[in-house]
Amino acid sequence: MAEWGCDLRSCHTMNNLCSRCLRIVLFRQKVVLSMRVSVRLFCSVSLSTLLVAGVGLSTPLLAAEAPVPAVVAAGGRAPDSFADLAARLLPAVVNVSTTQTVREADSEEDDEDDQLPQMPNFPQGSPFEKFFHDFMNRQTDPNAPPRRMQALGSGFIIDPTGYIVTNNHVIRKADRITVTLQDNTVLTAHAVGHDDRTDLALLKVDSKKPLPFVSFGDSEHRRVGDWVLAIGNPFGLSGTVTAGIISSRGRNIDQGPYDDFIQTDAPINKGNSGGPLFDMDGNVIGVNTAIYSPSGGSVGIGFSIPSNEARTVVEQLRKTGKVSRGWLGVRIQNVTQDIADGLGLTPASGALVAGVEKAGPADKAGLKTGDVIQSLNGQPIEGKALPRLSAQLPVGTQAKLGLWRHGKVMDVPVTIGALPEAPGEAPAKPAPAPKSAASVSFADFGFTVGPLDAAGRQKYNLPASLKGVLVTSVKPDGTAADRGLKEGDVITEVQQAEVGTPGALKQRVEAARKAKKRSVLLLVHDSDGLRWIPFPLNAEDTP
């Protein structure tokens, strides 16, 4: 799981990343200016000065003249210059500024990972001790008055009537949104809609004249190694143009269920959030959203939402102000080689169903826990891609799933449902009540199980509807601990067969051994829901 950086809602966060190791920094890469001063700001005075200069004393940039086609050398080689392309695109890229009233309680909730530094050790009675003591008390006072803060991000115009795309976190909870054009015209904007799952938002401004705009391109046909331009507002420095290439495609950085980022080495920094990534034809192929950095600045690893995904979201926001997505109602995980060995599946590919939402589309179509979804509408898929691909399907349409079930391949039609706002956790399948109270130890796996009785339910806060076998202990250096099994987890199935007693669990595992399977699959219910965990049956694989 990628670790997100601070959301930079107050000045003290500007220098926060210096004390943390390599991490993903979400463009909360909007630059935030506040009257709040932080201890950590003192070690970056020059940066603070630069930020103030970038916002308050920004020098007007020359307006672009008549559109000029991009100049690219023959044979797809590097262009001699990006100047003509940049001049054509700059007028359509804007600065997005938001103002927000923040109360101390809200700030603590939003910045729970952003702890204030401890007060330095100054000589007792010194002026510095009193200054910092007063300062720290002001920062932690729950009765402190609300403060006004300003945030800066980037965006781009997609329609001459004034529709602007940016990142949702740039404008989230904003009281007022303003947009500054390339010619320094300032316009008030309002949010048409936003989408938390993809971190996209659509704004609208009113202008007396048509505005310069850019269009979405086809990100699907852009390849690793293609040249790209990033334009935005890093650190409040408007109209900044950087160039690079597409470094990789289809990156999953654990931002959400639909991760499919374009990776680029074009330098992007705080404040580039919501800005466009252009191809050499001047089309938007990505929306800059995150970077991977040891310090909060660019190290040549940036991530952009592909235009094909952004276009679909923006079109829905423009029409209805919200996004409707297709939904299958299954909890899935990737099919690893260990899981494939346990299932007897060759090759190791597809999406393993770990849970089926009751009364959901998949449940109505007859899908079962343990099925492997290998294709969607005839196209082979992998586990991580299924939520994104199914979300793109129109609600109410029928899709065809290619399933693998107990060694048989079948096609199953399913009617796509609408993704609920807050989908519930997939429930475990009912199983017979435990009949034995004896605990069983699996020494080679490194865990012990017991019956799931009333005492166990109360101790681990488990629902009455959950059935299975309770994990009572896990050896710290065993296979179970290494694969994420924890005390308090509940094993509900073994090899796609329900278990209700420790003895039944042992019997199923021994049956897998006798069948000379390389691994055995346990369906485990933990705090995050259901998932399959493979355990190797080969002696050499057991630590």
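Residues numbered from 1 in each chain as written. Predicted model: local features only at pLDDT ≥ 70, side-chain atom pairs only at ≥ 80, totals over all residues. Heavy atoms only, no water.

### Things to note about the pattern of salt bridges
Then comes step 1: Inspection of every chain in the model, using the stated rule, returns 14 salt bridges.
Then comes step 2: Where aspartate 444 meets arginine 513, a salt bridge forms, and the shortest distance between an N and an O atom there is 2.2 Å. One end of the pair, aspartate 444, is in the loop between β23 (440-442) and β24 (447-451); the other, arginine 513, is in helix α12 (residues 502-514), with 69 residues separating them in the sequence.
Then comes step 3: Classification of arginine 513 by relative accessible area gives partly exposed; the value is 27%.
Then comes step 4: A network of salt bridges, in which partner residues are shared, links Arg222, Asp279 and Asp281. (Salt bridge = Lys/Arg side-chain N within 4 Å of Asp/Glu carboxyl O. Helix = DSSP H or I, 4+ residues; strand = E, 2+ residues; numbered from the N terminus. Buried < 20%, exposed > 50% of the residue type's maximum accessible area, 1.4 Å probe, protein only.)

### Description of the nonpolar core
Across soluble globular proteins, you tend to see nonpolar side chains buried next to one another.
Then comes step 1: Phe156, Ile158, Val165, Leu202, Val214, Phe216 and Phe278 are the most contacted members of the largest nonpolar core, which totals 29 residues.
Then comes step 2: Counting only elements with at least two residues in this core, the list comes to α2 (83-89), β5 (163-167), β8 (200-205), β9 (227-232), β13 (284-293), β14 (302-306) and α6 (307-320).
Then comes step 3: No other element matches the four residues that α6 contributes to this core.
Then comes step 4: Dropping the residues within four chain positions of it, phenylalanine 216 is found in contact with Phe156, Ile158, Val165, Asn283, Val284, Ser307, Ala310, Arg311 and Val314.
Then comes step 5: Counting residues in hydrophobic clusters, the runner-up holds 21 residues, among them Phe447, Val449, Val469 and Val524. (Core = buried A, V, L, I, M, F, W, Y, C linked by side-chain atoms within 4.5 Å. Contact = heavy atoms within 4.5 Å.)

### Here we look at α12
Then comes step 1: Between its first and last C-alpha atoms α12 spans 19 Å; for 13 residues at 1.5 Å apiece the expected length is 18 Å, and the two agree.
Then comes step 2: Those residues of α12 that sit buried are Pro502, Leu505, Val509 and Ala512. Projected onto a plane normal to the axis of α12, the buried residues spread over an arc of 85° and lie on a single side. Exposed side of α12, more than 90 degrees from the buried face: Gln507 and Lys514 are the residues found there.
Then comes step 3: In this fold, the buried residues of α12 make contact with β23, β24, β25 (469-474), β26 (490-494) and β28 (519-526).
Then comes step 4: Backbone geometry just downstream of α12 places lysine 516 in the positive-phi region, at approximately 60°. (Expected span 1.5 Å × (residues − 1). Arc of directions from axis to C-beta.)

### Focus: α6
Then comes step 1: Its 14 residues give α6 an end-to-end C-alpha distance of 20 Å, which sits within 8% of 20 Å, the value for a rise of 1.5 Å per residue.
Then comes step 2: Burial in α6 covers these residues: Ser307, Glu309, Ala310, Val313, Val314 and Leu317. Each buried residue of α6 sits inside an arc of 150° when the element is viewed along its axis, so together they form one side. Projecting away from the buried face of α6 at angles above 90 degrees are the exposed residues Lys319 and Thr320.
Then comes step 3: Where α6 is buried, its residues contact β5, β7 (186-195), β8, β13 and β14.

### As for the packing of aromatic side chains
Then comes step 1: All told, the structure shown has eight aromatic pairs when counted by the stated rule.
Then comes step 2: Their ring planes at 85° and their centres at 5.9 Å tell us that phenylalanine 156 and phenylalanine 216 sit as a pair that is edge-to-face. Here phenylalanine 156, found in strand β4 (residues 147-157), pairs with phenylalanine 216, found in the loop between β8 and β9; they are 60 residues apart in sequence, far enough to count as distant.
Then comes step 3: What makes phenylalanine 156 buried here is its relative accessible area of 0%.
Then comes step 4: Summarising the aromatic geometry, the rings of phenylalanine 442 and phenylalanine 445 are spaced 6.3 Å apart at their centres and angled 15° between planes, so their arrangement reads as stacked. (Phe/Tyr/Trp six-rings, centres within 6.5 Å; stacked < 30°, edge-to-face > 60°.)

### Section: unusual backbone geometry
Then comes step 1: Residue proline 347 is bonded to the preceding threonine 346 through a cis peptide linkage, with omega at -5°.
Then comes step 2: Even without glycine at this site, alanine 359 takes up a positive phi of about 65°.
Then comes step 3: With respect to the secondary-structure elements, alanine 359 resides in the loop between β17 (351-356) and α8 (361-365).
Then comes step 4: Of note, the phi angle at glutamine 496 is positive, near 65°, even though the residue is not glycine.
Then comes step 5: Examined against the element boundaries, glutamine 496 turns out to sit in the loop between β26 and β27 (497-498).

### Description of the side chain of serine 273
Then comes step 1: For serine 273, the position within the fold is in the loop between β11 (261-264) and β12 (276-278).
Then comes step 2: Here the side chain of serine 273 touches asparagine 167 through a polar contact of 2.8 Å, side chain to side chain. (Polar contact = N/O pair within 3.5 Å; in protein donor to acceptor, adjacent residues only side chain to side chain.)

### Comments concerning the environment of alanine 310
Then comes step 1: Mapped onto the elements of the fold, alanine 310 is located in helix α6.
Then comes step 2: The exposure class assigned to alanine 310 is buried, which follows from its relative accessible area of 0%.
Then comes step 3: Note: C-alpha distance between alanine 310 and alanine 201 (109 residues apart in sequence) is 9.7 Å.
Then comes step 4: In contact with alanine 310, other than residues within four places in its own chain, are Leu200, Phe216, Val287 and Ile305.

### Notes on the pairing of β24
Then comes step 1: In terms of burial, β24 is largely enclosed, as five of its five residues are buried.
Then comes step 2: Relative to β24, β23 runs antiparallel, the two being bridged by three bridges. The partner of valine 440 across the bridge, within β24, is valine 449.
Then comes step 3: Connecting the antiparallel pair β23 and β24 is a turn made up of four residues, with glycine 446 showing a positive phi of about 90°.
Then comes step 4: In this sheet, β25 lies alongside β24 in antiparallel orientation, the contact comprising five bridges. Within the sheet, the bridge partner assigned to phenylalanine 447 lies in β25 and is valine 474. (Pairing = 2+ DSSP bridges.)

### A closer look at the confidence of the model for the protein
Then comes step 1: Confidence in the prediction of the protein, expressed as mean pLDDT, is 78, and 74% of residues score 70 or more.
Then comes step 2: Note on residues 1-75: pLDDT under 50 across the span, and 190 contacts to partners over four residues away in sequence or across chains.
Then comes step 3: In this model residues 111-117 is a low-confidence stretch, pLDDT under 50, and it forms 18 contacts with partners more than four residues away in sequence or in other chains. (pLDDT = per-residue confidence, 0-100.)

### Looking at the environment of asparagine 252
Then comes step 1: As for its placement among the helices and strands, asparagine 252 is situated in the loop between β10 (240-251) and β11.
Then comes step 2: Given a relative accessible area of 37%, asparagine 252 falls into the partly exposed group.
Then comes step 3: For the pair asparagine 252 and lysine 384, spaced 132 residues apart in sequence, the C-alpha separation works out to 8.5 Å.
Then comes step 4: Excluding residues within four positions of it along the chain, asparagine 252 makes contact with Asp259 and Lys384.

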